[in-house]
Amino acid sequence: MKKSLVALALMGVFAGAYAQSSVTIYGTVDAGISKRTGTTTMVGKRDNNKLGFKGVEDLGSGLKAIFQLEIRYEPDTGTIENTSGANSRPLFQGQSRVGLQGDFGTVRLGRGLTAFQETSTAFEPWSGMPAIAGYQTDLQVAGYTSDPLSQLGNSNNRFSNAVFYNTPVIADIFQFNATVSAKEANNNPVIIGKGTAAAPQFPANTAPLTTAYSLSATATSGPFAAYAAYEKNAIETKLWSVGASFKPVNDLKLMGSYQKQDQASSTLINPITKAWLLGANYTVGAGLVRFGYGQKTPDNSLGNPALAKTKQTSVGYDYNLSARTYLYVDASNKKAATTLNFYSLGIHHNF
Amino acid sequence: MKKSLVALALMGVFAGAYAQSSVTIYGTVDAGISKRTGTTTMVGKRDNNKLGFKGVEDLGSGLKAIFQLEIRYEPDTGTIENTSGANSRPLFQGQSRVGLQGDFGTVRLGRGLTAFQETSTAFEPWSGMPAIAGYQTDLQVAGYTSDPLSQLGNSNNRFSNAVFYNTPVIADIFQFNATVSAKEANNNPVIIGKGTAAAPQFPANTAPLTTAYSLSATATSGPFAAYAAYEKNAIETKLWSVGASFKPVNDLKLMGSYQKQDQASSTLINPITKAWLLGANYTVGAGLVRFGYGQKTPDNSLGNPALAKTKQTSVGYDYNLSARTYLYVDASNKKAATTLNFYSLGIHHNF
Amino acid sequence: MKKSLVALALMGVFAGAYAQSSVTIYGTVDAGISKRTGTTTMVGKRDNNKLGFKGVEDLGSGLKAIFQLEIRYEPDTGTIENTSGANSRPLFQGQSRVGLQGDFGTVRLGRGLTAFQETSTAFEPWSGMPAIAGYQTDLQVAGYTSDPLSQLGNSNNRFSNAVFYNTPVIADIFQFNATVSAKEANNNPVIIGKGTAAAPQFPANTAPLTTAYSLSATATSGPFAAYAAYEKNAIETKLWSVGASFKPVNDLKLMGSYQKQDQASSTLINPITKAWLLGANYTVGAGLVRFGYGQKTPDNSLGNPALAKTKQTSVGYDYNLSARTYLYVDASNKKAATTLNFYSLGIHHNF
């Protein structure tokens, strides 16, 4: 029987106009009880909470089409990540990317972690998790933000409107990664910067001053790994970092990094911030001990007020119930203008 | 071939760093045509509309990791549940919980129905659906709300930032359930309460006065089931309820409950509300007849204005097309200060 | 072992109270780089981006229950479709429908494309994609919008709160389709219409003046197809259109349509807009060439200011990497009061 047009549309809708691909659903639910100085005991999290959809299609000749969409949410309240009043992060805050993978490497379009941020997570003792006890979003980037011209409360380590490129692994050792973002305005709030309240440097919904980009290189050989990375954001803040890790025995990973942020383009005082970080991950039976110590030092050479140095010491422990599920405890002490003590206990489940 | 760091990250992303678990996608689409006194004929719903993701991982020794994330939405407009202007419910309004299940029972963290609310649905003739013809959100809780300090329009029967515990079934008869919520502020609007417009009892984004908790106990034996439940919310409103059900024959379930709310902590007049409810579910072939009658009686002993008593009579019919799909009709008469007649006709599909 | 009530609820939650249905997850990720007159080079899209969930349940005797929920999102920023500040489209912007399919045709309830809009996409050279180079949202509907009384930024070609009916294919040739929407208010902003700023014709959150409906008929026979469609929206704007397509050889599809919009109910000047459109799709090996030309002509007989005529010429090329993935380029020139040139290059991946 022939089908007319809407009938075909309905069949397409319900029977599938092309073969069903194997979409993989994955995610993380991480919830725990935490206490920090000066607040009530809370239900919180150690890691990002994710619900994602991804797939790969083999196009032949080594070419693959890949996509990934990742929802981020808060399990304690059920909202999408960081929702507070009118401000909320995108539905696919984790990433929304599509691209091709082949002998030439991987090219993707959309939104995701910058090359810098994606590389540096492997040299951070909390595995790049945005845990209070971890270092990823503050000391490991010397307080830098990748996306200053987005909505208030937005992610600090992603580019929107971007092209992402990763080389293949070269000579079994090296890989290079680059992210470049288009100069599109993205609903930023007013940022005074070097201006005044009456004439801010960046009015609301400003187009980027410059093409933001992010570069990283990694080298891996036996127990050694190292990286160097550089990033410049849409308001011309610059960040560079070098780091390395070493495994003296298989169960122990030592790591360290140094980073420097330059905010000269958007601040009149103290534009330079330096930070360094040492960490260790030690596997003991079904457990993993995490340890980190680091400092973030503002440049107090120009103007007042002087900014406080930050010193952070953290220790954590994961107890693996399976390859997908673990319980954890974290304790952290962070000294800056004020001192923050933080404790948490929770469960981390991947699916 | 060895892989360097971002290459490994990309592989992890697209190949899966751990075995794919069997995430179950489930949900409900319920849409119908309804008419109530004084409004136009509308496309509405009888039940909550859900799109959920859940999973269970066997950890060995009887221990399991469980999670569940449940989107709620409105099929007539495609929005997430209860979106009206700037106010919308969380993406995972249904629930967002993770936990462990074992010989000790079930412990979960996150957001979900309180112990009271989860227990009482089994003693409500519309199976706890928030149907206009049903009793779940009004008479069965004597008008009580579990979460008064959340955003406007939020759910009335859930705790955020909570720990949920259910015992195993004891002696094949008894089960006990408890929910405790952390004292976190959750973006409530101003609530005048015992204060004044100038000095409201609960300003915006108030931290809870007290640790909100919810307790329930059930007993089941042959055709008999009974429960008792108690809950105190974050502004110290108290609710208790007892109820029972009985099946004289297998196709007939009779049920009843009594509940009392005490709002003395936040109202100057008429703090007590009592309600009772009788219901029946009768299976006839592929059909199910639902019937309910109940009253809600405000305490008019203190102050004015006197509040009207509510009397609600409802009848419904489900016609099962399969174990997952049925058509329904509902008719309801609710008399209070004004009288509401309600009729609906629709389809309910589980997937 | 018998289970008590909450235990049963927990089992239902984690073990499934009914057999798991085969929910199909599907979607599109389309992202590219585009440049239009007067703006910066951007990361954009050619097609809608979708993440959907659909299913069909066989009820026996040729009867089926069907549902479909479709998220729409922007891959360049990760947000749900068209989010700008406080305005965003529904989570399930694509559609949220449930219904029954049988010998009588298909009946669905919820939100989705109107009969008119669903039919006309088959006669548009960009396959109804909302590409800048395409004609679907402007010339093919003579500038008409299906849903003027929804939130700002809402979809222009859907009905919310609607009943959708499609006949089966009759005599292997004909199909008729109808959509009727309930007269529910849906949070529209103030629309001045024939009123004044002080007394707008449509205040905020206005209930529809009339029952909006949409009708279409299609006929398909060998290489020929034709349609006629009529729609009247909630503010009594009327649109009709006729169109046809013809395949002289299998690799070539020619198409054309004529449409007329009448806005007399809501505008004092120039209520009539006429438009016509010619297009071609030509398959060459793994490629598809798209071409279109059309004009939109406002009625300048009444009042001032005179409105400009629109002339649009577009050409596109798809290169299929597989049945699910293609690369594309588009170029378009649209002349009206100003001239817009548009170029894009991207990847389109279905999953």
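Small disclaimer: the values here were computed from a predicted structure and weren't measured.

Asker: I'd like a rundown of the overall build of chain A, residues and numbers included.
Answerer: Within chain A, the secondary structure is distributed over two helices and 17 strands. What you see for chain A is a C-alpha radius of gyration of 22 Å, in line with the 20 Å of a compact globule of 351 residues. Taking as baseline every contact in chain A between residues at least 6 positions apart, the subset at least 24 positions apart corresponds to 53%. Roughly 13500 Å² of accessible area belongs to chain A as shown, and the carbon and sulfur atoms make up 61% of that amount. The average position of the 30 basic charges and that of the 22 acidic charges among the side chains of chain A differ by 3 Å.

Asker: Before we move on, can you summarise the interface of chain B and chain C with the specific residues and values?
Answerer: At the junction of the two partners, chain B supplies 58 residues and chain C supplies 46 residues. Each partner contributes to the roughly 4200 Å² buried at the junction of chain B and chain C, and carbon and sulfur atoms together form 67% of this total. Among the residues chain B hides against chain C, the three largest losses belong to B:Ile25, B:Arg324 and B:Phe351. Together they make up 13% of the total. At the boundary of chain B and chain C, one finds nine residue pairs in polar contact (both at pLDDT 80 or more).

Asker: Describe the relation of the copies chain C and chain A, with residues and values.
Answerer: Placing chain C over chain A gives an RMSD of 0.0 Å and needs a rotation angle of 120°, together with 0.0 Å of translation along the axis. Taken together, these values place the two copies in the relation of a three-fold axis.

Asker: Would you mind going over the packing of aromatic side chains in detail, with residue names and values included?
Answerer: One pass over the full model with this rule turns up 30 aromatic pairs over all chains. Aromatic pair A:Phe67 and C:Phe351: ring centres 3.9 Å apart, planes at 15°, arrangement stacked. Of this pair, A:Phe67 sits in strand β4 (residues 63-72) while C:Phe351 sits in the segment after β17 (339-350), which puts the two residues in different chains. Exposure class is identical for A:Phe67 and C:Phe351. Each is buried. Here the aromatic rings of C:Tyr326 and C:Tyr328 are separated by 6.2 Å at their centres, their planes lie at 70°, and the arrangement is edge-to-face. Judged on exposure class, the residue C:Tyr326 and its partner C:Tyr328 are both buried. An aromatic cluster is present here, built from A:Phe53, B:Phe53 and C:Phe53 joined pairwise through their rings. Just above the ring of A:Phe164 sits the side chain of A:Arg97; from NZ or CZ to the centre is 4.5 Å. Of note, C:Lys54 hangs over the ring of C:Tyr26, and the distance from its end group to the ring centre comes to 4.5 Å.

Asker: An account of the nonpolar core is requested, with residue identities and associated values reported.
Answerer: The biggest cluster of nonpolar side chains holds 67 residues, and the ones touching the most others in it are A:Leu51, A:Phe53, B:Leu51, B:Phe53, C:Leu51 and C:Phe53. The element that contributes the greatest number of residues to this core is strand β4 (residues 63-72) of chain B, accounting for five residues. Once residues within four sequence positions are removed from consideration, A:Leu51 is found in contact with A:Ile25, A:Tyr26, A:Gly27, A:Leu69, A:Glu70, A:Ile71, A:Tyr73, A:Phe351, B:Phe53, B:Leu69 and B:Phe92.

Asker: Outline the interface of chain C and chain A, supporting the account with residue identities and numerical values.
Answerer: Across the boundary between the two partners, chain C contributes 58 residues, which contact 46 residues of chain A. Here chain C and chain A share an interface that buries about 4200 Å² over both sides, 68% of which is from carbon and sulfur atoms. Of all residues in chain C, the largest losses of buried area upon contact with chain A belong to C:Ile25, C:Arg324 and C:Phe351, amounting jointly to 13% of the total for that side. Linking chain C with chain A are one salt bridge, by the criterion used here. For the side of chain C that touches chain A, the element with the highest residue contribution is strand β1 (residues 24-36) of chain C, accounting for seven residues. A per-class count over the side of chain C that touches chain A returns 26 nonpolar, 25 polar and seven charged.

Asker: Report on the pattern of salt bridges, specifying residues and quantitative values.
Answerer: Close approach of charged atoms allows side chains of opposite charge to pair. Residues and elements named next belong to chain A. For the structure on display, the rule yields 39 salt bridges over all chains. In this structure, Arg 72 engages Glu 81 in a salt bridge whose closest nitrogen and oxygen atoms are separated by 3.9 Å. Per residue, the accessibility class of Arg 72 equals that of Glu 81, and both read buried. In this structure, Asp 318 engages Arg 290 in a salt bridge whose closest nitrogen and oxygen atoms are separated by 2.8 Å. In this pair, Asp 318 is assigned in strand β15 (residues 310-320) and Arg 290 in strand β14 (residues 287-298), connecting sequence segments 28 residues apart. For the residue pair Asp 318 and Arg 290, the accessibility class agrees, reading buried in each case. One salt-bridge network, in which partners are shared between bridges, spans Lys 45, Glu 70, Arg 72, Glu 74, Glu 81 and Arg 89.

Asker: An account of the side chain of B:Asn233 is requested, with residue identities and associated values reported.
Answerer: Residue and element names in this part refer to chain B. Checked against the element boundaries, Asn 233 lands in the loop between β10 (224-232) and β11 (238-249). With a relative accessible area of 1%, Asn 233 lands in the buried category. Discounting chain neighbours no more than four positions away, the residues touching Asn 233 are Tyr 144, Thr 145, Ser 146, Pro 148, Thr 210 and Ala 212.

Asker: Now, about the confidence of the model for chain A: what can you tell me, with residues and values included?
Answerer: Residue and element names in this part refer to chain A. Per-residue pLDDT for chain A averages 91, and the proportion of residues at 70 or more is 92%. The low-confidence segment residues 11-20, where pLDDT is below 50, has 21 contacts with residues more than four positions distant or belonging to other chains. Interface predicted TM-score (ipTM) for the complex: 0.91; the corresponding pTM is 0.93.

Asker: Account for the relation of the copies chain B and chain C, naming residues and giving values.
Answerer: Here chain B sits on chain C after a turn of 120° about the axis and a move of 0.0 Å along it, with an RMSD of 0.0 Å. Interface overlap between copies: only 7% of the residues of chain B at the interface are likewise at the interface in chain C, consistent with a contact formed by different surfaces.

Analysis parameters
- Residues numbered from 1 in each chain as written.
- Chains lettered and ligands numbered in written order.
- Predicted model: local features only at pLDDT ≥ 70, side-chain atom pairs only at ≥ 80, totals over all residues.
- Heavy atoms only, no water.
- Helix = DSSP H or I, 4+ residues; strand = E, 2+ residues; numbered from the N terminus.
- Rg over C-alpha atoms; globule rule 2.2 N^0.38 Å.
- Contact = heavy atoms within 4.5 Å.
- Areas by Shrake-Rupley, 256 points an atom, 1.4 Å probe, with all protein chains shown as cover.
- Lys, Arg positive; Asp, Glu negative; His and termini not counted.
- Charge placed at Lys NZ, Arg CZ, Asp CG, Glu CD.
- Buried area = accessible area lost by both parts, 1.4 Å probe.
- Polar contact = N/O pair within 3.5 Å; in protein donor to acceptor, adjacent residues only side chain to side chain.
- Least-squares fit on C-alpha atoms with pLDDT ≥ 70 in both.
- Phe/Tyr/Trp six-rings, centres within 6.5 Å; stacked < 30°, edge-to-face > 60°.
- Buried < 20%, exposed > 50% of the residue type's maximum accessible area, 1.4 Å probe, protein only.
- Lys NZ or Arg CZ within 6 Å of the ring centre and 35° of its normal.
- Core = buried A, V, L, I, M, F, W, Y, C linked by side-chain atoms within 4.5 Å.
- Salt bridge = Lys/Arg side-chain N within 4 Å of Asp/Glu carboxyl O.
- Nonpolar A, V, L, I, M, F, W, Y, C, P; charged D, E, K, R; others polar.
- pLDDT = per-residue confidence, 0-100.

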